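# Remarks on the overall topology
The chain contents come next:
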Amino acid sequence: MKARVFAAVLGGANIVAAYANAGEIEHFRPPSAAEDAPVLYSSMVRHGDTLYLAGTLGFDSETGALADGVAAQTKAAMTSIEATLARANADLGDLLNCTLYLADIEEYGAVNAAYQPFFPETAPARTTIAVAGLPLGAEIEIACIAQLKPAG
């Protein structure tokens, strides 16, 4: 009923389809989680055409440990975010917003230097917050929201 009323007000059948799909939710398990393991969080959730990415730490892909230093952690986190987006057929260009949590705000310049190459033309909206601590002693954690491009 709501979808029909919504479409009548806005006057379009395409609106009905968009509105009807808005409630679909898909959860993405962390890539490292075994299929039968309990998972405490989703690495990404898709609701309609919006992707919500969980906070990502900068793990070294070769060692599995946190990368050494805030610049390396920033690069590793962004590379992981890029891979997470790819699981939903999205890319960094689909990002709308990123929130960066920094353990030391004095590292702001180093973070910018490592972050900027991921966005050579335009960057998403961004908020940087200094925090008292991050999981596992990380120096940075990055959470993002993305919008999927329309099919076609």
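As a reminder, the structure under discussion sits directly above these lines.
Residues numbered from 1 in each chain as written. Predicted model: local features only at pLDDT ≥ 70, side-chain atom pairs only at ≥ 80, totals over all residues. Heavy atoms only, no water.

### What to know about the overall build of the protein
Scanning the protein from terminus to terminus reveals 4 helices and 6 strands. If you list the helices and strands of the protein from N to C, you get α-α-β-β-β-α-β-α-β-β. Relative to its full complement of 152 residues, the protein shows a buried share of 31%. When contacts within the protein are restricted to residue pairs at least 6 apart in sequence, those whose partners lie at least 24 apart make up 65%. Surface summary for the protein: the accessible area is close to 9,100 Å², and the carbon and sulfur share equals 56%. (Helix = DSSP H or I, 4+ residues; strand = E, 2+ residues; numbered from the N terminus. Buried < 20%, exposed > 50% of the residue type's maximum accessible area, 1.4 Å probe, protein only. Contact = heavy atoms within 4.5 Å. Areas by Shrake-Rupley, 256 points an atom, 1.4 Å probe, with all protein chains shown as cover.)

### With respect to the sheet that holds strand S3 (residues 50–57)
By definition, the strands of a sheet pair up through backbone hydrogen bonds, in either a parallel or an antiparallel sense. Pairing is mixed in the open sheet, where 6 strands are placed in the order S1-S2-S3-S6-S4-S5. The sheet is open, and its two edges are formed by strand S1 (25–28) and strand S5 (125–130), each paired on a single side. Geometrically, the sheet is characterised by an average inter-axis angle of 10° between neighbouring strands, direction not taken into account. In the sheet, strand S2 (residues 44–47) pairs with S3 via 4 bridges, with the strands oriented antiparallel. For Arg 46, the partnering residue across the bridge sits in S3 and is Leu 51. Helix H3 (residues 70–86) contacts S2, S3, strand S4 (95–102) and strand S6 (140–147) of the sheet and is inclined by roughly 30° relative to S6. In the packing of helix H4 (residues 108–115) onto the sheet, contacts are made with S4, S5 and S6, and the angle to S4 comes to roughly 145°. (Pairing = 2+ DSSP bridges. Axes fitted to C-alpha atoms, helices over the stretch in contact; angles between N-to-C directions.)

### Remarks on the nonpolar core
In this structure, Leu 51, Met 78, Ile 81, Leu 85, Leu 92, Leu 95 and Ile 142 are the most contacted members of the largest nonpolar core, which totals 25 residues. Secondary structure elements with two or more residues in this core: S3, H3, S4, H4 and S6. The biggest single contributor to this core is H3, with 5 residues. (Core = buried A, V, L, I, M, F, W, Y, C linked by side-chain atoms within 4.5 Å.)

### Quick notes on the packing of aromatic side chains
This structure, assessed with the given rule, holds 1 aromatic pair. Summarising the aromatic geometry, the rings of Tyr 115 and Phe 119 are spaced 5.0 Å apart at their centres and angled 45° between planes, so their arrangement reads as tilted. On the basis of relative accessibility, which here comes to 5%, the residue Tyr 115 falls in the buried class. Its end group placed over the ring of Tyr 115, Arg 126 keeps NZ or CZ at 4.8 Å from the ring centre. (Phe/Tyr/Trp six-rings, centres within 6.5 Å; stacked < 30°, edge-to-face > 60°. Lys NZ or Arg CZ within 6 Å of the ring centre and 35° of its normal.)

### A look at unusual backbone geometry
Most peptide bonds take the trans form, and the phi angle of most residues other than glycine is negative. Backbone geometry places Asn 89, a non-glycine residue, at a positive phi of 55°. With respect to the secondary-structure elements, Asn 89 resides in the loop between H3 and S4. Judged by relative accessible area, Asn 89 falls into the exposed class, the value being 75%. Notably, Leu 136 is not glycine yet its phi reads approximately 60°, a positive angle. Residue placement: Leu 136 occurs in the loop between S5 and S6. Residue class for Leu 136 comes out exposed when judged on its relative accessible area of 66%.

### Points about the environment of Cys 98
With respect to the helices and strands, the residue Cys 98 is situated in strand S4. Residue Cys 98 is classed as buried on the basis of its relative accessible area of 0%. On a C-alpha basis, the gap between Cys 98 and Ala 123 in space is 9.3 Å, while along the polypeptide they are 25 residues apart. Setting aside anything within four residues of it in sequence, one finds Cys 98 in contact with Tyr 115, Pro 124, Ala 125, Arg 126, Thr 127, Ile 142, Ala 143 and Cys 144.

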